[in-house]
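Chain and residue survey
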Amino acid sequence: MPTRKTGTWKLAYADFLTALVAFFLLMWLISGVSKEDRAVIASEFTGKPAAVSPLTDAAPSEAARLLAALQLSESLKAAGDSVRLSADARGVRIELVDTADRPLFETGSGALTETGAALIRAAGASLATLPHTVSIEGHTDAFSMAGATTSNWELSSARANEARRALEAAGLSTDRVVGVTGYADTRPLSAGQPHLAANRRISLQVHLAD
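These numbers were taken from a predicted model, which means no experiment stands behind them.

1. Some thoughts on the overall build of the protein chain
Counting its secondary structure elements, the protein chain contains six helices and five strands. Starting at the N terminus, the α and β elements of the protein chain follow one another as α-α-α-α-β-β-α-β-α-β-β. Put simply, the protein chain has 210 residues, and 31% of those count as buried. Look at the contacts in the protein chain between residues 6 or more apart in sequence, and 69% of them connect residues 24 or more apart.

In structure tokens form, the structure reads like this:
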């Protein structure tokens, strides 16, 4: 009578478990490989050239690089909450905002305060080292001064021009200024809150190269 091999199924099961562990190990290794590297690995098995995306696809955008450069500015960092930086489709916006204890301009006037002048100088020094063009915007809150002879339109325009003069004095080349505009209270920082002190601000739009 032939001898029965009762352990054969155990060997097959062990081989199956070994293959399963190897499969999950391979999946774990592949999960940490970039899309481009996976394409190269696949080409080794298929014999077809790998279609690798250009390296520029993974590179930071020009706006992101510009934002990072401005965020490293010691003079802007020292200004604290008075400076807000953000990237957008056109480049980077630098918001120089009014606060209760650090007003940028004299009340109802286009004249910079000492704090405002220092803040504009800090922005000018940071921008002077860059090649980008700049648009300057003046903004006010929605309050109107009692007995004032000028509107917020004239006030925001006067402040934008005062900021332009201060920026140029701080080293920003005149030919890099491509626009100076007053928007009054029509573009608040927070929609529905036109009376906030932070709406009294100078916005500097730093444009990306064409």
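2. Side note on the pairing of strand β1 (residues 83–88)
In the sheet, β1 pairs with strand β2 (residues 91–97) via six bridges, with the strands oriented antiparallel. Its bridge partner lying in β2, leucine 85 is registered against isoleucine 94. In sequence, β1 turns back onto β2 through a hairpin of two residues.

3. Some details on the pairing of β2
With seven of seven residues buried, β2 is to be regarded as a mostly interior element. In the sheet, β2 pairs with strand β5 (residues 201–207) via seven bridges, with the strands oriented antiparallel. By the bridge assignment for β5, valine 92 is matched with valine 206.

Rules of the game
Residues numbered from 1 in each chain as written. Predicted model: local features only at pLDDT ≥ 70, side-chain atom pairs only at ≥ 80, totals over all residues. Heavy atoms only, no water. Helix = DSSP H or I, 4+ residues; strand = E, 2+ residues; numbered from the N terminus. Buried < 20%, exposed > 50% of the residue type's maximum accessible area, 1.4 Å probe, protein only. Contact = heavy atoms within 4.5 Å. Pairing = 2+ DSSP bridges.

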